[in-house]
Structure formats: C-alpha cells, structure tokens
Amino acid sequence: MSRLIRALIIIFIVAFIVILPIISPKRYFIHIGALTGIYIILALSFDLVVGQVGALSFAHPAFFGIGAYVAAILSTNFGTSLIPNIVLGALLVGLIAIIIGIPSFRLSRYSFAMGTLGIALVAQLIAKNWYTVTNGPLCISQIPNASIGFPGIFHWESDSLTDDYYLIIALVGIVFLIVRRLISSRLGRAFKAIREDEILASSRSMNPLFYKMTAFIASGMLASIAGVLFAHYIAVVCPTVLAIDITVTLLIIEFLGGAGNIPGIILGAVLFTAIPEYLRIAASARPLIYGAILMIIIVYAPEGLGGWVEKVSQLIGQSTSSMDRD
Amino acid sequence: MNNLLSQYDQHPKYDKSASSKSENYQEVSMRMFIDQIFNGLTLGSLYALVALGLTLTFGVVRLVNFAHGEFFMVAGYFFWILQVEMGIPYLPAVLITILAMAIFGAIFDRLVVHPIIERPWYIHIVATLAVSAAMVSAAILLFTTSPRAAPTPFARSIFEIWGFRISLQRILIFVITAISFILLNLFIKNTKIGKAMRAMSQDREVCITLGIDARNISRLTFSLGAALAGVAAGFIVPIFVVIPEMGSIITLKAFATIIVGGMGNIKGTFIGAFLLGISEALMAGYIASEYAPVAPFILMIAVLMFKPEGLFGRKVGL
C-alpha cells in the first residue's frame, strides 16, 4: 500500500518536472526550475562530503566558481562544448581538492574547515584580480550556449530556455543517480562508518584519509558540474559566483534536510532556491534572513526537516499498517 | 570579501625627496624593506589583537567562533558612529568602543554561545557562520557597502626616524598591542578569574564539579575577546576604513594566525600574528600587492603540512 503511494508520488513528481515547461504560465517559472536544478546538484554534492563523511567543507563556492570560470574561459576563447568543459572543470577541481585536502585533513576537523574556507577566499581573490584571464570584476560575458556534439557527426545546441531547463534536469538526474549509487556501495558504507566513528573504522582497516579525500574530491567534481551548467545557463560569470554566502545557503539546505538524507536535501534545495527566488527577496537581505533561519533550525530542530518527514511518514506507515491489519 | 587590507592600507610610499638624493640602489631597497616591515608590524598588531580574542574563546570555551571577525566589524562601525557621526573626541571614543564591545561580547555569549555550547563541534561552526553572515548582511542594510573612514589627529602626524617616515598612529597601534598582550598575560596568570579560565581550558567538567561557574567564565571570556576586537577597531580603523565585509577576512586570518601559532597558545598566537603580518607586507611589497592577503594562507598551509600542531605547539592550558 505505502509502496504504491510512494511510487505514485515519485511518478507524479517526475511527470511534473518533465511537463513544467509546457504547463508553466510564465517563462519565469522555468527559470526558477533551472536554478533549482543547479542548486540540487550543488546540495547533493555538498551532502556527499558534509552529510556522508562528516567533514565540514567550505570550499563549495570555490569548486562551483572554478567550474563556472573554466566553462566561461574555455568556451569564449576556444569554443569548447559542454562535455569537455565538464571534464576539464572536474579535473582542475579534483587537483585543487587533492592539494588542499591532504594537508587540511591532517590536523583536526577545525583545520579542514579553515583550509577549505581559505580556498574559497583565495579563489575569489584570484577571480577578482587575475584580469588577463578572468576579466576581474568586469565579468566574462557572452558565454555561448551549452552544446554537445562530435565534429562532423552530430551537433546539438541548447538555444532556448526550455532546452537549458531539460539539459539541467538531465544532469540533475545523472548526478542524483551517481550520488545514490555511490552511497549505497561499499564506498558509501565506509563513508558512514568513518562519519560515525573514525577510530573504530580505522581499526577495521579503513583508511579515513583515503575515504575522506574520495568524498571530498567527488563532491568537488560534482559541484564543478553545477558551475559549468550555471555559466552556460546565465551566460555571464562574475567573481560573485564564488561568494561565501553560497555556503550558508547550502548549510541551511543540509541542516533543514538532515545530513545524509537525500530526499530531505532535495526538498531543502527546492524550498531554499525556488521560494526566495519567487518572492524576490533582496539579495543583500538574504544572508540576514538565512542566518537567522539557520540558527533557529540548529537550536530547535537539530534533526532537520528530513527527520520530521521521516517521523511523519513513519506515523503514516504505522496507521496504514494498522489499517491493513483491520 | 576582498583584499581590503592591501587595497585600503595607505602604504607609506617611499619618500621621493629622499630618493632624488644620490643614494645607491642598495639603500633604496633597504628603505623599501624597512617600510614593508613597518607595514607588517601594523598588520601584525591587528591580527594579534583579533587572534588573541579568538584563541582565548577557543581555548577556554572550546567554541570555534567564525563570527569573531564580525566583532571587529561591529566595533569598527561603533567607533565610526562615535567618532564621525557624534563627534566624540578620539580617546574617549576608543574607551567607549572597548566598553561597548565588552557588553556586546556578553550578549553574544547569551544569545549565540549559550544555546549551542553543549552541542557537537560542527554545530558550533555552522551556527557561528550563520550569525556571521547575518551580521554582515545587517551591516550592509544599515550602513551600505560604501567604505567609512574615521581619521584621527594621530594618523596625520608623521614621524621621521632616521629618514623613515611613519605615522604616530602606527607606532601607537604597536605599543597598544604590546601593552594589551602583557596585560592579558598578567590577567590570565595572576587573577582568580584568569586562573579559572586556565582551569576551564584544561577540563570543563572537572571545573564545573569544583564549583566554577562555567557560564560566567564563558561570558567573561567572550567579553574579553570582544573587548580586544574593540581595541583593534579603536586603534586600527583610523588608518583603514570600515566596510561590512571586513570581518570575514579578518576571521580567516585570525584562524590562520592561531593555526600557525598553535591553537589556544597565547604567546604563539602573538608571535604568529606578526609572522603573518610581516609575510603579508613583504608579499605586497615584493611580489604582488593584490595577492598579499593570500600570504597568511600559504603560511598556514605550510605549517599544516610540516608542523600540524603549530609552530609553538598546542598548549591547551593557555
């Protein structure tokens, strides 16, 4: 019974996502949908390192921004298409994650938070000051549309809002499947073991540094995909894409959704991208409101919205199973 | 979040009248080097005052406060209001700022620290980061992003020692920082509250069973940390400017300082602050001024790689 309801809900959600561009009365809703998709990718990748392996990383704005800048620089200067941009962005981010991650993980949890916050800051500084490559605060504009193709065989270019939307949704789906596959594998179980008890895990011959680094690198690479999509979608990349405020939003999503709870995280991402965007809350006021919300969640709802959803669904499950027995 | 320190720091420019005299290149570069050392001492003083408060709250309360730099920002705006908007003379304005910050620290302890102190470490980081973002945003809404300057008579009076020009304010900053450090050390070593703080940094539970009021100590520690940020603002704002984002980068640099100096180690923090300040000034002078704020992080990463417990070791007992 409840399995049927669950399947129906999932089918309904997927159908809604697919037909949104057709039924949407305003183009603006499609835009919100696309932005939400980008944030879902970011939130899922953030959860991989924060929720699954329990290492608090603040490097996400940097990884997202590096992805966006790689796509912007390569496609404006060399006319590269989507897939090379994604691959090169992910490789660069992976390299930076290795360079920063290994020393940062060594001392303590605090130093990892610090080291990653340092990357976020340094990346923004470079974006602002390396004029010859990033154009500084003048931004890189006129980024071409995302395109996929092999020269001479076939070519597809996303030249409308609807195309962009479907492209982003497709990548959300791919990232979702990757993350789900990853966390239900042996690797994912090792992540959780390290999150719960690092010493016990290492006594069971799991190398914590290896698994933490794997999660950190994978999470950074997925975040860079979101950055590449963002660059092609918005067509302008400014140093503000690396703003540390992104971390605050991601933390709200993480804590609202409940660490490690994927449906909760996706719900949180939808709530915290779509609603503020729809209500058009001033960008400068957002951190004030978000900070207050985050503080309230932490103090009063430590297990997050996902925890509530689980509790409610357990209650429903109990009542339906009791009905079954009747 | 920008390179505000290098951007707004009025680097004492190399004196042109002196260079026109027949001086050889070596002397010129020597002058530039010493100018950069002076710059480094100013930056180091700023980092020392902010990082001492941070290392104190981390050592005693065991809370990683990512909003600590925002204390400096709040103090900066408070000082600016007193000095420029209300026209209060310089030294009284500084004193009022320091006292107000002590009260602010106590309020911060009650509203932010107290609800989360018993929770795990990552909650501390996330909660203080949230508060920090909210404070920056509130400052933008209240004061806009345009920089505010609060110059003092001392900043304009230039000293000349052996041909090196340095403003009285910069000398004052260094002297005040050194005095604050000595007073802080005496306070921690000799007073009853200081001893309670040291005891708290060693073992919170035992202290509570021995009848030390942990909440009171936590409140006093945050008052002290915020007051040190007030000292920093009172003496350093006159040569820089106040902008809403200035706290965030100072938080990061203060963390870099306490990682370099050894977390919870007051003497190490003090020395580490000047190492960072001087390395940043030398980077600004010799390599690239726009990337100078990166220097502390390079130093921090190097320390993490080769001496992860900090240059002067971690001393939990302060």
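For the structure, check the block above.
Residues numbered from 1 in each chain as written. Chains lettered and ligands numbered in written order. Predicted model: local features only at pLDDT ≥ 70, side-chain atom pairs only at ≥ 80, totals over all residues. Heavy atoms only, no water.

A. Inspection of the overall build of chain B at higher detail. When helices and strands are counted, chain B shows 14 helices and two strands. Counting over 318 residues, chain B shows a buried share of 57%. When contacts within chain B are restricted to residue pairs at least 6 apart in sequence, long-range pairs at least 24 apart make up 78% of them. Of the roughly 12700 Å² of accessible surface on chain B, a fraction of 68% belongs to carbon and sulfur atoms. (Helix = DSSP H or I, 4+ residues; strand = E, 2+ residues; numbered from the N terminus. Buried < 20%, exposed > 50% of the residue type's maximum accessible area, 1.4 Å probe, protein only. Contact = heavy atoms within 4.5 Å. Areas by Shrake-Rupley, 256 points an atom, 1.4 Å probe, with all protein chains shown as cover.)

B. The interface of chain A and chain B, seen in detail. With 39 residues of chain A in contact, the opposing surface of chain B contributes 44 residues. Summed over both sides, the interface between chain A and chain B buries roughly 3700 Å², with carbon and sulfur atoms accounting for 81% of that surface. At the boundary of chain A and chain B, one finds zero salt bridges. Counting every contact that joins chain A to chain B gives one residue pair in polar contact (both at pLDDT 80 or more). Secondary-structure elements contributing two or more residues to the side of chain A that touches chain B are α4 (82–106), α5 (109–129), α11 (245–257) and α13 (286–300) of chain A. By residue number, the principal contributor to the side of chain A that touches chain B is α5 of chain A, which donates 15 residues. (Buried area = accessible area lost by both parts, 1.4 Å probe. Salt bridge = Lys/Arg side-chain N within 4 Å of Asp/Glu carboxyl O. Polar contact = N/O pair within 3.5 Å; in protein donor to acceptor, adjacent residues only side chain to side chain.)

C. Structural view of the pairing of strand β2 (residues 154–157) of chain A. All names here are of chain A. As judged from the four bridges shared by strand β1 (residues 147–150) and β2, these two strands associate in the antiparallel manner. Considered in β2, the bridge of serine 147 is made with glutamate 157. Hairpin connection from β1 to β2: three residues lie between these consecutive antiparallel strands, with glycine 152 at a positive phi of about 85°. (Pairing = 2+ DSSP bridges.)

D. Main features of the side chain of threonine 273 of chain A. With respect to the element layout, threonine 273 of chain A can be found in helix α12 (residues 262–279). On the basis of relative accessibility, which here comes to 9%, the residue threonine 273 of chain A falls in the buried class.

E. Highlighting helix α11 (residues 214–236) of chain B. The terminal C-alpha atoms of α11 of chain B, which comprises 23 residues, lie 33 Å apart, in line with the 33 Å expected from a rise of 1.5 Å per residue. The distance from a side-chain oxygen at the start of α11 of chain B to the backbone nitrogen of arginine 215 of chain B is 3.2 Å, and the residue carrying that oxygen is aspartate 213 of chain B. (Expected span 1.5 Å × (residues − 1).)

F. Fine view of the side chain of threonine 251 of chain B. All names here are of chain B. Mapped onto the fold, threonine 251 is located in helix α12 (residues 246–261). Overall, threonine 251 belongs to the buried group, its relative accessible area being 3%. Every residue in contact with threonine 251, bar those within four places of it in the chain, is listed here: Asn65, Phe66, His68, Gly69 and Glu70.

G. Structural detail: helix α8 (residues 186–196) of chain A. Residue and element names in this part refer to chain A. Listed as buried for α8 are Gly188, Ala190, Phe191 and Ile194. For α8, the buried positions fall inside an angular range of 155° around the axis, keeping them on one side. Those residues of α8 that are exposed and angled more than 90 degrees off the buried face are Arg186, Arg189 and Glu196. Summarising the contacts, the buried residues of α8 are in contact with α2 (27–52), α7 (161–184), α9 (198–203) and α10 (208–234). Where α8 begins, the capping side chain belongs to serine 185, and its oxygen is found 3.3 Å from the backbone nitrogen of leucine 187. (Arc of directions from axis to C-beta.)

H. Geometry of the state of the cysteines. Residues and elements named next belong to chain A. Taken as a whole, this structure holds one disulfide over all chains when the rule is applied. For cysteine 139, the disulfide goes to cysteine 238, at an S-S distance of 1.9 Å. The chirality of the disulfide connecting cysteine 139 with cysteine 238 is right-handed, given an S-S dihedral of about 105°. Of this pair, cysteine 139 sits in the loop between α6 (131–134) and β1 while cysteine 238 sits in the loop between α10 and α11, placing them 99 residues apart in sequence. Assigned by exposure class, cysteine 139 and cysteine 238 land together as buried. (Disulfide = S-S within 2.5 Å.)

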